[in-house]
Amino acid sequence: MSLEYMRAATVHIGGRGYPVLAGAGLLDRLGEAIAEYIPSATGCVLVTSPQVDALYGMRAMTSLESLHPRKVMIPEGEEAKTWDAAGELLGSLIRQGLDRKGVVVALGGGSVGDSAGFAASLYMRGIRVVQIPTTLLGQVDSSVGGKTAINHPTGKNLIGTFHQPGLVACDTGLLSTLPRRELLSGLAEVVKYGVIADAKLYVGVEAEAEKLLSVDPEAMRRVVARCVAAKAHFVESDERDEMGVRAALNYGHTLGHAVETLSGHSIRHGEAVAIGMVAASRVAVALGLLKKPDLERQLTLLGRLGLPTESPYEVDEVIPLMSRDKKAESGSIRLVLPKAIGEEPAIRAVSEAEIRGALA
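Residues numbered from 1 in each chain as written. Predicted model: local features only at pLDDT ≥ 70, side-chain atom pairs only at ≥ 80, totals over all residues. Heavy atoms only, no water.

Novice: Looking at this structure, how should I read the side chain of D171?
Specialist: On the secondary structure map, D171 appears in strand 9 (residues 167-171). Among the polar contacts listed, one links the side chain of D171 to the backbone nitrogen of G25, at a separation of 3.0 Å. In this structure, D171 is in contact with G23, A24, G25, L26, L27, R59 and Q139, ignoring residues within four places of it in sequence. (Helix = DSSP H or I, 4+ residues; strand = E, 2+ residues; numbered from the N terminus. Polar contact = N/O pair within 3.5 Å; in protein donor to acceptor, adjacent residues only side chain to side chain. Contact = heavy atoms within 4.5 Å.)

Quick look at the structure:
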C-alpha cells in the first residue's frame, strides 16, 4: 500500500503543509516516509520512553536505519514534562550532535510528543519533529496541530510553544497493545470530536462502541482518520489559538485539567476530559444552550465506553484551578459549551455562580 493511500489529512499552515498518515504498518516504514516527505533530513534522534522502547524501539531504529538514528530515553508519563526533564532532553540532543537539518522523531504517547516537540522547538531555534503517536489519544488529537508543552506545579501545559511537525504517522496497528485505561482515555477525545465537529463520527462511535473497545483495526482506522480531518480544520483556521476557533478543541479540558492536577495526574487525561465534558454540558443545559437529551446521550455513550462522568472533587476545590487555566481571561472562566452534538460550540465566560449552580 502506498504512503499516499494512507494520507488521512494534510494540515496547511501559512503556505506550508504536512501530511498526517493513518493505517497499520507505518512504524516499519518510518525511514521511507521521512525520505518521501522530509527529503532534506540529514539524520535523526529517536525520543521515546522505556515502556514504548521495549515494545517498538528496535522496529523503529531498524526502520530509520538510513538516517543513522540515535536514541534518547525520557521518563514515563507526566514525569517527562518537567523543566528538569526538558533540560536533560535538550542536553542529550546537543551531545548527540544533531544539526539543523536533523529530525527529532517522537515515538510514544502524548507526553513523549509534548516533550520531544517542545525540545525540538527550542533546539537550535527550532528543528523538525516527526510525531509517531503510539496511543489513541496521541493519534486522534495531540500529535496534530503543533502544540507542545511541559507542566508547572500550579497547572498542566502552562509552559509551551507552537511548533508544527513535519510529518505525523499514526500506526493504528500499535493500538492493540494499549493498556485498557489508555485506550479509554483516547476514546474520550474521539467523543469530544463527535460533539464539537462531526455528528456522523458521534453516531459511528455509538454504533461501533464494542468494536472500538475490542480495538477492531478497521473501526480504529476510520475513527482516527475522521478525528485527524476534524483537527486539521481547526488548526488551519486558527493555528495559534488566537481567534477562538481552535478553542473549541478544549471542550471538557478546563475542568478536566483541574481534576488532573488535583489528582496528581493519577486520573488520566481522557478520563478527566470525560468528566469535564459532562460538567460543561451541564452548564450548557443550565444556560439554555444545550437540550438535556444531548447531555444524556453523552452520559450514556461515555458510560458504555467505561469512562467516568463525575468529578471526585468538590466544586470549591476545582474552581480555583479553573480560574488559573491558560484559557482564562481577565479572571473569568471561559468554557467551551456545546449547543448540539456535531455543532460548533459556544465559547464564553461563565461566572463562578453559574458553574456552582450547574454542578451543585
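Novice: Would you take a moment to explain helix 6 (residues 180-196) for this structure?
Specialist: A rise of 1.5 Å per residue sets the reference length of helix 6, with its 17 residues, at 24 Å; its end C-alpha atoms lie 25 Å apart and thus fit the reference within 8%. Across the 17 residues that make up helix 6, a large majority, 14, are buried. (Expected span 1.5 Å × (residues − 1). Buried < 20%, exposed > 50% of the residue type's maximum accessible area, 1.4 Å probe, protein only.)

Novice: Can you help me understand the sheet that holds strand 4 (residues 70-73) in this one?
Specialist: Remark on secondary structure: sheet strands pair via backbone hydrogen bonds, oriented parallel or antiparallel. In spatial order, the strands read 1-2-9-6-5-3-4; together these seven strands make up an open sheet with mixed pairing. Strands with a single pairing partner mark the edges of an open sheet, and in this sheet they are strand 1 (7-13) and strand 4. On average, adjacent strands in this sheet sit at an angle of 20 degrees to one another, irrespective of strand direction. One ladder, built from four bridges, connects strand 3 (residues 44-48) with strand 5 (residues 103-108); its direction is parallel. Paired with C44 across the two strands is V103, which belongs to strand 5. Of the strands in this sheet, strand 3, strand 4 and strand 5 touch helix 3 (residues 83-96), which is tilted by about 160 degrees from strand 4. Those strands touched by helix 9 (residues 217-237) are strand 1, strand 2 (16-23) and strand 9, and its axis lies near 10 degrees from that of strand 1. (Pairing = 2+ DSSP bridges. Axes fitted to C-alpha atoms, helices over the stretch in contact; angles between N-to-C directions.)

Novice: Explain the packing of aromatic side chains to me, please; I cannot follow it from the model alone.
Specialist: Aromatic ring pairs are defined here through the distance separating the ring centres and the angle between the ring planes. Applying the stated criterion across every chain yields a total of one aromatic pair. A cation over an aromatic ring shows up here: K192 above the ring of Y193, its NZ or CZ 4.5 Å from the ring centre. (Phe/Tyr/Trp six-rings, centres within 6.5 Å; stacked < 30°, edge-to-face > 60°. Lys NZ or Arg CZ within 6 Å of the ring centre and 35° of its normal.)

Novice: How should I be thinking about the environment of A9 in this particular structure?
Specialist: Inspection of the secondary structure puts A9 in strand 1. For A9 and A232, which are 223 residues apart along the polypeptide, the C-alpha to C-alpha distance reads 7.0 Å. With near-sequence residues (within four places) excluded, A9 lies in contact with Y18, P19, V20, V228, A229 and A232.

Novice: I'm lost on the packing of helix 6 against helix 11 (residues 269-286) in this one. Help?
Specialist: The angle between the axes and the distance between the axes are what describe a pair of packed helices. For the pair helix 6 and helix 11, the least separation of the axes is 7 Å and the interaxial angle reads 40 degrees. Crossing of helix 6 over helix 11 shows left-handed handedness. Facing R181, S185, A188, E189, V191 and K192 of helix 6, the residues of helix 11 in contact are H269, G270, E271, V273, A274 and M277. Considering only residue class, the contact of helix 6 with helix 11 consists of five nonpolar, three polar and four charged. (Left-handed = near helix turned anticlockwise from the far one by under 90°. Nonpolar A, V, L, I, M, F, W, Y, C, P; charged D, E, K, R; others polar.)

Novice: How should the environment of G110 be read in this particular structure?
Specialist: As for its placement among the helices and strands, G110 is situated in helix 4 (residues 110-122). The sequence separation of G110 and I132 amounts to 22 residues, and the corresponding C-alpha distance is 10.0 Å. Beyond its immediate stretch of four places on either side in the chain, G110 contacts T135 and S142.

Novice: Is there a simple way to think about the pairing of strand 9 in this case?
Specialist: Taking burial as the measure, the five residues of strand 9 include five buried ones, the bulk of the element. Taking every second residue as pointing to the same face, both faces of strand 9 are buried, with L167, A169 and D171 on one and V168 and C170 on the other. In the sheet, strand 2 pairs with strand 9 via four bridges, with the strands oriented parallel. In the sheet register, V20 faces strand 9, and the bridge partner there is V168. One ladder, built from two bridges, connects strand 6 (residues 128-133) with strand 9; its direction is parallel.

Novice: Would you explain the pattern of salt bridges in this entry?
Specialist: Where side chains of opposite charge bring their charged atoms close, a pairing between them can arise. As enumerated under the stated definition, the model contains 25 salt bridges in all. A salt bridge links R59 to D28, with the nearest nitrogen and oxygen atoms 2.8 Å apart. Here R59 is found in helix 2 (residues 50-63), whereas its partner D28 is found in the loop between strand 2 and helix 1 (30-37), with 31 residues between them in sequence. Under the relative-accessibility criterion, R59 is labelled partly exposed at 35%. (Salt bridge = Lys/Arg side-chain N within 4 Å of Asp/Glu carboxyl O.)

Novice: For this particular structure, what's the right way to read the packing of helix 10 (residues 253-262) against helix 13 (residues 315-323)?
Specialist: Interaxial distance between helix 10 and helix 13 falls to 9 Å at its minimum, and their mutual angle equals 115 degrees. Between helix 10 and helix 13, the crossing angle belongs to the class labelled roughly perpendicular. The handedness of the crossing between helix 10 and helix 13 comes out as right-handed. Of helix 13, the residues touching helix 10 (which contributes T254, L255, A258, T261 and L262) are E317, V318, L321 and M322. Considered class by class, the residues forming the contact of helix 10 with helix 13 number six nonpolar, two polar and one charged. (Parallel < 35°, antiparallel > 145°, perpendicular 65-115°, else oblique.)

Novice: Even after reading the chapter, I still don't get the pairing of strand 8 (residues 155-162), so can you show me in this structure?
Specialist: Each regular strand displays side chains that alternate between the two surfaces of the sheet. Looking at chain direction, strand 7 (residues 147-152) and strand 8 are connected through five bridges and run antiparallel. Residue pairing across strands places I150 opposite I159, the latter belonging to strand 8. Between the end of strand 7 and the start of strand 8, which pair antiparallel, lie two residues.

Novice: Sorry if this is basic, but what is going on with helix 7 (residues 199-207) here?
Specialist: An α-helix turns once every 3.6 residues. As a result, residues three or four positions apart point the same way. Along helix 7, the positions that sit buried rather than exposed are L201, Y202 and V205. Relative to the axis of helix 7, the buried residues are bounded by an arc of 100 degrees and lie together on one face. Turned more than 90 degrees from where helix 7 packs its buried face, K200 and A207 sit exposed. Next to the buried residues of helix 7 lie helix 6, helix 8 (209-213), helix 9 and helix 12 (292-304). (Arc of directions from axis to C-beta.)

Everything listed here is a matter of coordinates, which is why it stays silent on function.
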